[in-house]
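Geometric and topological summary
Residues per chain are reported as follows:
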Amino acid sequence: MTEVLARLGAGWILAVRHLGRSLLLLLRILEGVDELLLRPRLLVEQLFSVGVLTVLIIAVSGLFVGMVLSLQGYYILSQFAAESALGVMVAASLLRELGPVVTALLFAGRAGSALTAEIGLMKATEQLSGLEMMAVDPVRRVLTPRFVAGFIAMPLLAALFSALGVLGGWFVGVGLLGVDDGTWWVQMQARIDWNEDLSNGVIKSLVFGFVCTWIAVFQGYNSVPTSAGVSRATTRTVVHSSLAVLGLDFVLTALMFK
Amino acid sequence: MRQGQEVSVAGSRPPDEPVLVKIRGLHFSRGDRKIFDGVDIDIPRGRVTAIMGPSGTGKTTLLKLIGGQLAPDRGTIEVDGLNVHALGRRELYRLRMRMGMLFQSGALLTDLDVFENVAYPLREHTRLSESMLRKLVLLKLEAVGLRGARHLKPAELSGGMARRVALARAMALDPMMIMYDEPFTGQDPISMGVLVKLIRQLNDAARLTSILVSHDVAETCAIADLVYVISGGRVIESGPPEQLRESGSEWTRQFMQGLPDGPVPFHYPAPALEADLFGEAA
Amino acid sequence: MKTSKTVEILVGAFVAAALLALFFLAMKVSNLGTLDTSDTFEVVARFDNIGSLKVKAPVTMAGVEVGRVSSIGFDQERYQAVVKLAIYRRFDRIPDDTFAKILTAGLLGEQYVGLDPGGSDTFLEEGSEIEITQSAMVLEEVIGQFIFGKAKEEKQ
Ligand SMILES: Nc1ncnc2c1ncn2[C@@H]1O[C@H](COP(=O)(O)OP(=O)(O)OP(=O)(O)O)[C@@H](O)[C@H]1O
Ligand SMILES: [Mg+2]
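Reading the values: rules and limits
Residues numbered from 1 in each chain as written. Chains lettered and ligands numbered in written order. Predicted model: local features only at pLDDT ≥ 70, side-chain atom pairs only at ≥ 80, totals over all residues. Heavy atoms only, no water. Near = heavy atom within 4 Å. Polar contact = N/O pair within 3.5 Å; in protein donor to acceptor, adjacent residues only side chain to side chain. Areas by Shrake-Rupley, 256 points an atom, 1.4 Å probe, with all protein chains shown as cover. Helix = DSSP H or I, 4+ residues; strand = E, 2+ residues; numbered from the N terminus. Nonpolar A, V, L, I, M, F, W, Y, C, P; charged D, E, K, R; others polar. UniProt positions renumbered as here; feature names shortened; annotations may be inferred. Pairing = 2+ DSSP bridges. Axes fitted to C-alpha atoms, helices over the stretch in contact; angles between N-to-C directions. Contact = heavy atoms within 4.5 Å. Salt bridge = Lys/Arg side-chain N within 4 Å of Asp/Glu carboxyl O. Donors = N, O, S within 2.8 Å, 3.2 Å for Na, K, Ca; no water. Buried < 20%, exposed > 50% of the residue type's maximum accessible area, 1.4 Å probe, protein only. Parallel < 35°, antiparallel > 145°, perpendicular 65-115°, else oblique.

For chain C, an unreviewed UniProt entry supplies the name Outer membrane lipid asymmetry maintenance protein MlaD and the organism Thiolapillus brandeum.

See the structure below:
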């Protein structure tokens, strides 16, 4: 009994310690942001691996999610003779929830895990130590650009996801199911508020971008420098990011859409 | 327990030879394992000092302590009059710019090619023009015989080549001191000979201070001015190589001559083999 | 750094495409594109009950959106809702005896203001008041009336 309690206690203490350590790391990462402005090339390189390489999966997923939404929405709405609201339903679901959330989940799986693995391997092969001995701060040079790139890339990816989702939904709703084209757009424009729906979605994805990259970068930097350690850290990145995104989404939704 | 046999160089050092790295009462442990248990080392300026000892005694750890990557539990390390572990981040980085380190694994940046790896510290810390930088990098690569390999990625290099590139990178900023962690491992006899000469030349021409960690007794003795032998968390013996070779200490003799039997344990601390093998049954 | 040029181009294209997507979402999907607040004039209408009418609800005439609800207030003396309607300036020929009523879009839909034109020769302009209004239908009242009516019928 006491053993169980002791182990529980130790687990909690470890969790709190990790939280503290990750916060300190975050502070060091943010300290380096001004230096990054002097070296925009580092940011461009990271935007490539975090953003460009993630575009394909985001675009394809967005398209298909929009199409499925339209299909399902049509069956339900047509029972109320409310097909005219199909565009609104598709756009609102994408902008408010699916765009930011699904993008963040895909991002964690595609870009976040890659970030963790890369940083973890750099640690395992002593590249980070090597930088330190060359008087180059690995936090500033390696972690900061990756963190900022993730933070910037997430809302951009989410916007692509939602826009392609709306187009996919339009293709199914208007093109295949015969909803009137004018109704689709006019109803959508009348009901989707740029502030309430669009801006809140962008804010969500900024928050998700911050948290997902923070987790990815921390797990990589904090990984046990062996192949097993790096693979465990990669898994943790995906799991922790997904849970954080879903939890935060609930909180943000509750705060935003009263 | 072997302190009695320790030969001090501190007394015999000429006064005109100031100490660059001064280690006093160093204690360091990893978990429960004590790695250093009161170590005093003086690294004279402008000389090649070798650190030798059996595998796993903490030679790499010692270099990392000197570089400020690890902090000691107790004791001080001074480099060029500065207490490494009392420095702020900025001063520590300024000090590191004057130290080069050759990692046991090379530690090259895997997404840059050989040229860019050597150019990296120059790009980071200087504002040289591109043509000047190119010349400097090519000269350094020439010195390690890898000018032709400049477009290769680290993954395409052999272990020995990678270590030579790392050496070129460590020299890039013309530091006051270079720490070599096992530079000879994985080198064929020819490149080994070249490296030995190179380290000596660098040291003499640029009035560099070199700290050399190595197992290769012959090569090390050929270029070192001073040798420290560490084992069991302590300095066992120190002095010029000739003196060590004629050392009265059984320990040093065993290590220098590579004899399997003697006071140096070949095994990592463990219970007796019989107990381990048959312990479960009993 | 041989590939840095292609990297730069691809990153540029990525950012441009994403900004385009954002622009599309703002102008084509949301109401930002249709929101021209500068080009409106405001008229007032008083209702006994506005139901669940919200600010920014559309104001339509013959099914076409001619404006938006810009604010909703309460008159403490007359116990009425004061609804300000922002009418797009290009609709400058709406008669000033127009009839305003609060309608519901679809079965579960939101409420909006519908205008039925009158026959006057003078038109609505900045600050005019729509005199004739009809309140929102409140479901409980409708049901209440229905039951009341039924009960009366049975009595007779
Ligand atoms: N990150 C670490 N965590 C825990 N223990 C470590 C770590 N790194 C090294 N050690 C332990 O510290 C001791 C000294 O390691 P170190 O790498 O300094 O040895 P070394 O003298 O350089 O050996 P070699 O000659 O084989 O390179 C070893 O016994 C090792 O088990
Ligand atoms: Mg070592």
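Regarding the site of ligand 1
Residue and element names in this part refer to chain B. The full set close to ligand 1 counts 13 residues, and Arg33, Ser55, Lys59, Thr60 and Thr61 are the nearest of them. In the model, an oxygen atom of ligand 1 is placed 2.7 Å from a nitrogen or oxygen of the Arg33 side chain. Between Thr57 and ligand 1, the recorded distance is 3.4 Å, taken from a backbone N or O atom to an oxygen atom. Look at ligand 1: alone it shows 640 Å² of surface, and the protein chains cover 63% of it. Of all the elements in the fold, those that place two or more residues in the shell around ligand 1 are strand 2 (33-44) and helix 1 (59-66). Counting residues per element, the shell around ligand 1 draws most heavily on helix 1, at 3 residues. Its residues assigned to classes, the shell around ligand 1 comprises 1 nonpolar, 8 polar and 4 charged.

Things to note about the UniProt feature "transmembrane region" (unreviewed entry) in chain C
If you check UniProt for "transmembrane region" (unreviewed entry), the listed places come out as residues 7-27 of chain C in our numbering. Taken end to end, residues 7-27 of chain C is 100% helix and 0% strand, and its first and last C-alpha atoms sit 30 Å apart.

Examining the sheet that holds strand 7 (residues 177-181) of chain B
Residues and elements named next belong to chain B. Read from one edge to the other, the open sheet built from 6 strands follows the order 6-7-8-3-9-10, with strand pairing classed as mixed. Each having just a single partner strand, strand 6 (99-102) and strand 10 (234-239) make up the two edges of the open sheet. In this sheet, neighbouring strand axes are inclined to one another by 15 degrees on average, regardless of whether the strands run parallel or antiparallel. Strand direction decides the pairing type here: strand 3 (residues 48-52) and strand 8 (residues 209-213), joined by 4 bridges, are parallel. Paired with Ile51 across the bridge in strand 8 is Val213. On the sheet, helix 5 (residues 159-171) packs against strand 6 and strand 7 and is oriented at approximately 175 degrees with respect to strand 6.

Some points on the pattern of salt bridges
Applying the stated criterion to the full structure yields 31 salt bridges over all chains. Each of A:Arg28, A:Glu31, A:Glu35, A:Arg39, A:Asp137, A:Arg140, A:Arg141, B:Arg89 and B:Glu124 takes part in one network of salt bridges that share partners.

Considering the coordination of the magnesium ion (ligand 2)
All names here are of chain B. Taken together, the protein ligands of the magnesium ion (ligand 2) are Thr60 (OG1) and Gln104 (OE1), with distances of 1.9 to 2.4 Å. Here Gln104 lies in the loop between strand 6 and helix 3 (114-125) and Thr60 lies in helix 1, a separation of 44 residues in the sequence. According to the relative accessible area criterion, Thr60 is partly exposed, its value standing at 24%. A residue is classified by how much of its surface remains accessible, and Gln104, at 34% relative accessible area, is partly exposed.

Quick notes on the packing of helix 1 (residues 2-31) of chain A against helix 8 (residues 194-221) of chain A
All names here are of chain A. In the contact formed by helix 1 and helix 8, the axes pass within 10 Å of each other and the chain directions differ by 105 degrees. By the angle between their axes, helix 1 is roughly perpendicular relative to helix 8. Touching His18, Arg21, Ser22, Leu23, Leu25, Leu26, Arg28 and Ile29 of helix 1 are Phe210, Trp214, Val217, Phe218 and Tyr221, all from helix 8. Here the residues of the contact of helix 1 with helix 8 sort into 9 nonpolar, 2 polar and 2 charged.

Focus: unusual backbone geometry
With a phi angle near 65 degrees, A:Ala135 is a residue other than glycine that sits in the positive phi range. If you trace the backbone, A:Ala135 turns up in the loop between helix 5 (127-133) and helix 6 (138-176). With a phi angle near 55 degrees, C:Ala62 is a residue other than glycine that sits in the positive phi range. Inspection of the secondary structure assignment puts C:Ala62 in the loop between strand 2 (58-61) and strand 3 (64-75). Of the residues examined, C:Ala62 reaches a relative accessible area of 81% and is grouped as exposed.

Notes on the sheet that holds strand 8 (residues 132-134) of chain C
Residue and element names in this part refer to chain C. Strand order in this open sheet of 8 strands is 7-1-4-3-2-6-5-8, and the pairing throughout is mixed. The open sheet has two edge strands, strand 7 (129-130) and strand 8, and neither has a second partner. The sheet contact formed by strand 2 and strand 6 (residues 111-116) spans 3 bridges and is parallel. Paired with Met61 across the bridge in strand 6 is Leu115.

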